[in-house]
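# Observations on the model geometry
Residue strings, one per chain:
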Amino acid sequence: MELIIKSYANRIGTLQFNNEGKLNCLSHTLMDELMRGLHELEQEGAHVIVLRAKPGVKVWSAGHDINELPEPRRDPLSYGDPLETLLRNIQDCPVPVIAMVEGTVWGGACDMCCSCDMVIAAEGSTFAMTPAKIGIPYNASGLIHFVHHIGLNKAKEMFFTARPTTVHEAWNNGFVNHEVSKEELETFTYDLAGKIGKNAPLAVRAIKAQFRLLTRGALIDAETAERIQAIRRKVYDSADYAEGIKSFKEKRPPVFQGR
Ligand code: YXS
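Below is a short write-up of the structure. For every chain, the first residue of the written sequence is number 1, and numbering continues from 1 along that sequence. pLDDT decides what is reported in this predicted model: residues at 70 or higher carry local features, side-chain atom pairs at 80 or more are listed and counted, and totals for whole chains, interfaces and linings draw on all residues regardless. In computing side-chain properties, one takes all heavy atoms of the structure into account and sets aside hydrogens as well as water.

## Focus on the overall build of the protein chain
Selection criterion: Helix and strand labels come from DSSP, where a helix needs a run of H or I of at least four residues and a strand needs a run of E of at least two; each type is numbered from the N terminus. The cut-offs for exposure are 20% and 50% of the maximum accessible area for each residue type, with area from a 1.4 Å probe on protein chains only; residues under the lower value are buried, those over the upper are exposed, and the others partly exposed. Residues count as neighbours in contact if any of their non-hydrogen atoms are within 4.5 Å of one another. Calculation of accessible area relied on Shrake-Rupley with a 1.4 Å probe; when residues are assessed, cover is drawn exclusively from the protein chains displayed. We score Asp and Glu as negative and Lys and Arg as positive, and we do not count His or the chain ends. Note on charges: their place is set at NZ of Lys, CZ of Arg, CG of Asp or CD of Glu.
Scanning the protein chain from terminus to terminus reveals eleven helices and ten strands. Each principal axis of the C-alpha distribution contributes one length, and for the protein chain these read about 55 × 40 × 35 Å. Out of the 259 residues in the protein chain, the part that is buried amounts to 49%. Counting only contacts in the protein chain whose residues sit at least 6 apart along the sequence, the fraction spanning at least 24 positions is 72%. For the protein chain, the accessible surface area stands at approximately 13000 Å², while carbon and sulfur atoms represent 57% of it. Charge separation in the protein chain, taken as the distance between the mean sites of 30 positive and 32 negative side-chain charges, equals 2 Å.

Printed below as a string of structure tokens:
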């Protein structure tokens, strides 16, 4: 693995992003390595896994690799998209996964934190959901994640404004378990991971599995699911989605026309 550094000690696995040059953006390769790392660490006997970036990063992860977003007219966040598959892999990982965050977190990387079982973030961290800046309709499972974690109004504000949420707001919203100083981030996180690692692994796994089943979101009927898909298709078929990606690549502000 090149874009992820995997390590294991005392029942705690660690997966560290290793692509600062591209701001640890979630490329298909990096996400494949993350999923492989989760599986391997669980097989090696990890009782808990920490996701992290290198100490001192300014950008923890810049989110989905925009260069790998599908061209317009294709769903950018379909069920089989590597990002969606990664999020489910984290949620379904039999052992708890902790996001240890410093720096800024963007787009799909925020949803990745949401999919983890806990988030411990250093002072000065921020979290921004930016699909509306790029012209992406997001998707039902992702939106439900945020409603569950931070409540409907805060989730709407995060998505509609696309502004970075401070770690203190995120802690207040329940998105972050602990806000700690940069100096104590690593010690605090691994102490907490150690507490989990010492508990009965079968019980911890069973409790995580029950949380996963109990929080799968409200059941929706087939017609509602189809209506959601129709609403989303109008957006990823739009000229605005094409403009969102094009403007990012041309390093200029997007000019959205509402069509
Ligand atoms: O020009 P070079 O080749 O040096 O590359 C630049 C950026 O193009 C690149 N880069 C990215 N490449 C692909 N995907 C990305 N998400 C991405 N972000 C950055 O990294 C190099 C350095 O970027 P630069 O010059 O902008 O650095 P900066 O320090 O001035 O600004 C850092 C950021 C993170 C504030 C800025 O790069 C930024 O705003 N990036 C986009 C963050 C974002 O909106 N991510 C969401 C991606 S879409 C997604 O996750 C979901 C699909 S959704 O949108 O639905 O949530």
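## With respect to the pattern of salt bridges
Test applied: Salt bridges are defined by distance alone: a side-chain nitrogen of Lys or Arg within 4 Å of a carboxyl oxygen of Asp or Glu.
This structure, assessed with the given rule, holds 14 salt bridges. One salt bridge connects glutamate 186 with arginine 52, and the closest N-O pair in it is separated by 3.1 Å. Taken together, the residues glutamate 186 in helix α8 (residues 185-198) and arginine 52 in strand β3 (residues 48-52) connect sequence positions 134 residues apart. Taking relative accessible area as the criterion, arginine 52 reaches 4% and is therefore assigned buried. Among the charged side chains, a network of salt bridges with common partners joins Lys6, Arg36, Glu40 and Glu44.

## Concerning the packing of aromatic side chains
Under the convention used in this document: For this analysis, a ring pair means two rings from Phe, Tyr or Trp (six-membered ring only for Trp) whose centres lie within 6.5 Å, classed as stacked if their planes differ by under 30 degrees, edge-to-face if by over 60, and tilted for the remaining angles. Put simply, a charge is over a ring when the Lys NZ or the Arg CZ is close to the ring centre, within 6 Å, and near the line of the ring normal, within 35 degrees.
The full count for this structure, using the stated rule, is five aromatic pairs. Measuring from centroid to centroid gives 5.1 Å for phenylalanine 146 and phenylalanine 159, while their planes differ by 90°, and the two rings are edge-to-face. Separated by 13 residues along the polypeptide, phenylalanine 146 in helix α5 (residues 140-150) and phenylalanine 159 in helix α6 (residues 152-161) bring together distant segments of the chain. Across the pair, exposure class does not vary: phenylalanine 146 and phenylalanine 159 are buried alike. Taken together, Phe127, Tyr138, Phe146, Phe159 and Phe175 form an aromatic cluster joined through their ring pairs. The ring of tyrosine 79 carries arginine 88 above its face, with NZ or CZ at 3.5 Å from the centroid.

## Describing the site of the ligand
Put simply, the rule is: Throughout this document, a residue counts as near a molecule or strand when at least one of its heavy atoms sits within 4 Å of that molecule or strand. Any N or O atom pair separated by 3.5 Å or less is treated as a polar contact, with the protein-specific requirement of one donor-capable and one acceptor-capable atom, and with residues adjacent in sequence counted only for side-chain atom pairs. Ten residue types, Ala, Val, Leu, Ile, Met, Phe, Trp, Tyr, Cys and Pro, are classed as nonpolar, four, Asp, Glu, Lys and Arg, as charged, and the remainder, Gly among them, as polar.
Taken together, 22 residues lie near the ligand, and Ala62, His64, Ile66, Gly108 and Lys251 sit nearest. Taking glycine 108, its main chain carries an N or O atom lying 2.7 Å from an oxygen atom of the ligand. Taking lysine 251, its side chain carries an N or O atom lying 2.7 Å from an oxygen atom of the ligand. Compared with its free state, where it exposes 990 Å², the ligand has 70% of that area covered by protein. Looking at the shell around the ligand residue by residue, the class counts come to 13 nonpolar, six polar and three charged.

## Description of the sheet that holds strand β8 (residues 126-128)
Selection criterion: By definition, two strands form a pair when at least two bridges between them are found by DSSP. Angles shown run from 0 to 180 degrees and are taken between the N-to-C directions of axes, each axis being a line fitted to C-alpha atoms and, for helices, limited to the stretch in contact.
Taken in spatial order, the four strands make up an open sheet running β4-β6-β8-β9, and their pairing is mixed. Two strands in the sheet have a free side with no partner beyond their single neighbour: β4 (59-61) and β9 (165-166). Pairing of β8 with β9, which is carried by two bridges, proceeds in the antiparallel orientation. Bridging from a neighbouring strand, threonine 126 pairs with threonine 166 of β9. Packed onto the sheet, helix α3 (residues 108-115) meets β4, β6 (104-106) and β8 and runs at close to 100° relative to β6.

## A few points about the nonpolar core
Put simply, the rule is: Throughout, nonpolar core names a set of buried Ala, Val, Leu, Ile, Met, Phe, Trp, Tyr and Cys residues whose side chains join them through atoms within 4.5 Å.
Of all hydrophobic cores here, the largest spans 55 residues; its most connected members are Met112, Phe127 and Phe146. Looking at this core, the element that brings in the most residues is helix α1 (residues 28-44), giving six residues. Of all hydrophobic cores here, the second largest spans 14 residues; its members include Ile98, Met118, Ile120 and Ile196.

## Regarding the side chain of serine 27
Tracing the backbone through its elements, the reader meets serine 27 in the loop between β2 (12-17) and α1. For serine 27, a relative accessible area of 8% gives the class buried. Setting aside residues no more than four positions away along its own chain, serine 27 makes contact with Leu3, Asp65 and Glu68.

Purely geometric numbers; function is a separate question.
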